[in-house]
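Listed below, chain by chain, are the residues.
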Amino acid sequence: MPLPSRQRVAIKAAFGLNALAIAVWFPRIPDVKAALDVDLLTLSICFFMLPLGTLASFAYAAPLIERLGARRVVMIWGGLFALLFIPPAFAWSAPALGVTLFAAGLAIAPIEIGMNAKASVFEHQTGRRIMTQCHAMWSFGAMGGALIGGVFAEAGIGFLTQQLFVAPLLAGLAVLAGRALEDDRPDAAAPHAGGHFALPDRAILWLCAVPIGALLLEGAMMEWSALYLQSEVGLTPGLAAAAFAAFSTAMGGARLGGDWLAGQIGTTRVIRASCYLACGGLIAFATALGPIMAIVGAALLGLGCANIYPLSVSLAAAQPTGRVERNIAALTFAAFSAFLIGPPLIGLLGSAFGLGIALLLLAPLTVYPPALLVEDIHPKPRKV
């Protein structure tokens, strides 16, 4: 197999395994809530510790990649990330759950930036778009993780037993995927932007705002869809997992064609259409009266959310100024602020109004990016 093909497979595998590692946790959230016997507000506070750890990890992620190289970070942190979802299964109280989720969050930024940096470098070295395809593998991985977690839950197998079996397997596969990537030992002669995380350059500041709504919705679906569908719509754990699988499958399918579609009609047009589709899907999902409407709404929402974030990453990485990993870190920090802080906020709103209403309140956030994108934009060539 030619080197570019091996690298493409390895990069996509890293994305898929990363999603699997976190998605097996989502269908078990109702079980964790029941085991700890906590209310929605307390669970929301626990969930907030995951984004808190993630946002803290941005302080060291880009400098770490500059020092070690993206390959080694993807390999080491990819395996570590999977293993860090074992401790939440041991949590005996809400504070213990919060601490374990904070620890898991500390591993998210390095692996996220490292994977996207690897995909970006591959795009510019080969002249081939693969960013949305890589994120498609993340969506398919999330679908697989949701189904695995749903099957374990439906079979009555405990969350701890599940994680002790699944997490080490995923960690080993993640390390293998990272090892298969092209070595990128740092160039001692290359200029390094000193310090830690830096604010976005003016050239990409506006771009950082584009994917926030889509990432917020994706995070909401991951952490709250199972509980919403079971407690308010009345679905079984299996049907709730099927709805999330429909969301992830639709997202993955749309991302498989996202690179091609952006090349045909333009990045901005794809993002605009995606925003409107996401809005319609969200409304259908948040007002679902049964499994069919919930699954259809989830699928439409997945189609809409699919390409907004990966296309924004490609644009940030292609900016002619700044290091690739620094530009990606800036965009990812802004997007993940919504992706990870949004779900706890939804929990707070859900405790007051119900999760369905809380999700419906997000609808305006799905339609603001077109106002930011006043002209069609294509990635610009840059040296890497």
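Computed from a predicted model, the values in this text were never measured in an experiment. (Residues numbered from 1 in each chain as written. Predicted model: local features only at pLDDT ≥ 70, side-chain atom pairs only at ≥ 80, totals over all residues. Heavy atoms only, no water.)

*Asks:* Where do I start with the overall build of the protein in this structure?
*Replies:* Scanning the protein for helices and strands turns up 19 helices and 0 strands. Here the protein holds 384 residues, and 59% of them are scored as buried. Sequence separation of at least 24 residues holds for 86% of the intrachain contacts in the protein that already meet a minimum separation of 6. As displayed, the protein has an accessible area near 14600 Å², and 69% of this comes from carbon and sulfur atoms. (Helix = DSSP H or I, 4+ residues; strand = E, 2+ residues; numbered from the N terminus. Buried < 20%, exposed > 50% of the residue type's maximum accessible area, 1.4 Å probe, protein only. Contact = heavy atoms within 4.5 Å. Areas by Shrake-Rupley, 256 points an atom, 1.4 Å probe, with all protein chains shown as cover.)

*Asks:* Can you walk me through the packing of helix 7 (residues 108-126) against helix 8 (residues 131-154) in this structure?
*Replies:* The angle between the axes and the distance between the axes are what describe a pair of packed helices. Closest axis-to-axis distance for the helix 7/helix 8 pair is 9 Å, and the angle between their directions is 145°. As helix 7 runs across helix 8, the sense of the crossing is right-handed. For the pair helix 7 and helix 8, contact is made by E112, N116, A119, S120 and E123 and by M131, C134 and H135, respectively. Among the residues forming the contact of helix 7 with helix 8, the class breakdown is 3 nonpolar, 3 polar and 2 charged. (Axes fitted to C-alpha atoms, helices over the stretch in contact; angles between N-to-C directions. Left-handed = near helix turned anticlockwise from the far one by under 90°. Nonpolar A, V, L, I, M, F, W, Y, C, P; charged D, E, K, R; others polar.)

*Asks:* What is the right way to read the environment of L315 from this model?
*Replies:* Its location among the elements puts L315 in helix 16 (residues 308-317). Considering only alpha carbons, one finds L315 and S120, 195 residues apart in sequence, at a separation of 9.7 Å.

*Asks:* I keep staring at the pattern of salt bridges and nothing clicks. Help me out?
*Replies:* Think of it this way: side chains of opposite charge can pair up when their charged atoms draw near. Under the criterion given, the structure shown has 2 salt bridges. Among the salt bridges present, the one from R28 reaches D31, with a minimum N-O distance of 2.8 Å. The salt bridge partner of R255 is E218, with a shortest N-O separation of 3.8 Å. Taken as a pair, R255 in helix 12 (residues 237-256) and E218 in helix 11 (residues 212-233) lie far apart in primary sequence, 37 residues in all. The residues R255 and E218 share a single accessibility class, namely buried. (Salt bridge = Lys/Arg side-chain N within 4 Å of Asp/Glu carboxyl O.)

*Asks:* What is the right way to look at the packing of aromatic side chains in this model?
*Replies:* To describe a pair of aromatic rings, one takes the distance between the centres and the angle between the planes. Inspection of every chain in the model, using the stated rule, returns 4 aromatic pairs. On the basis of an interplanar angle of 45° and a centroid distance of 5.9 Å, the ring pair of W25 and F159 is categorised as tilted. One end of the pair, W25, is in the loop between helix 1 (3-23) and helix 2 (29-36); the other, F159, is in helix 9 (residues 159-179), with 134 residues separating them in the sequence. Assessed through its relative accessible area of 8%, F159 is described here as buried. Each ring, one from Y228 and one from F285, has its centre 5.3 Å from the other, and the planes form 55°; the classification is tilted. Taken together, the positions of Y228 in helix 11 and F285 in helix 14 (residues 267-286) put the pair 57 residues apart, joining distant regions of the chain. A single burial state applies to Y228 and to F285, both of which are buried. (Phe/Tyr/Trp six-rings, centres within 6.5 Å; stacked < 30°, edge-to-face > 60°.)

*Asks:* I would appreciate a short explanation of a nonpolar patch on the surface in the present structure.
*Replies:* A contiguous nonpolar surface patch, about 410 Å² in accessible area, is contributed by L277, I292, V296, L300 and L303. If one sorts the elements of the nonpolar patch by residue count, helix 15 (residues 291-305) sits on top with 4 residues. Here V296 lies in helix 15. (Patch = residues over 30% accessible without salt bridge, like charges linked within 9 Å, V, L, I, M, F, W, Y side chains within 5 Å.)

*Asks:* Would you take a moment to explain the nonpolar core for this structure?
*Replies:* Soluble globular proteins tend to bury their nonpolar side chains together. Membership of the largest hydrophobic core comes to 123 residues, with the highest contact counts inside it found for W25, L97, L229, I346 and L359. Top element by residues in this core is helix 11. It accounts for 12 residues. Filtering out sequence-adjacent residues up to four positions away, W25 remains in contact with V32, F47, F85, P88, L97, L101 and F159. (Core = buried A, V, L, I, M, F, W, Y, C linked by side-chain atoms within 4.5 Å.)

*Asks:* Explain the packing of helix 12 against helix 15 here, please?
*Replies:* In the contact formed by helix 12 and helix 15, the axes pass within 7 Å of each other and the chain directions differ by 30°. On the basis of the axis angle, helix 12 is roughly parallel to helix 15. Crossing geometry of helix 12 relative to helix 15 is assigned as right-handed. Contact with helix 12, carried on its side by L239, A243, A246, F247, A250, M251, A254 and R255, involves P291, I295, A298, A299, L301, G302, L303 and C305 of helix 15 and no other residues of that element. Tallied by class, residues from the contact of helix 12 with helix 15 come to 14 nonpolar, 1 polar and 1 charged. (Parallel < 35°, antiparallel > 145°, perpendicular 65-115°, else oblique.)

*Asks:* I keep staring at unusual backbone geometry and nothing clicks. Help me out?
*Replies:* Trans is the prevailing form of peptide bonds, just as negative phi is the prevailing case for residues other than glycine. The residue D37 is not glycine, and still its phi comes out positive at about 55°. Within the element layout of this structure, D37 appears in the loop between helix 2 and helix 3 (40-68).

*Asks:* Help me understand helix 13 (residues 258-265), please; the structure alone is not making it clear to me.
*Replies:* Residues separated by three or four positions in an α-helix point in the same direction, a consequence of the helix having 3.6 residues per turn. Those residues of helix 13 not exposed but buried are G258, D259 and A262. Seen end-on, helix 13 carries its buried residues on one side only, within an arc spanning 100°. The outward face of helix 13, more than 90 degrees from its buried face, is lined by the exposed residues W260 and Q264. Where helix 13 is buried, its residues meet helix 7, helix 8, helix 12, helix 14 and helix 16. Once helix 13 ends, the next one or two residues include G266, with phi positive near 105°. (Arc of directions from axis to C-beta.)

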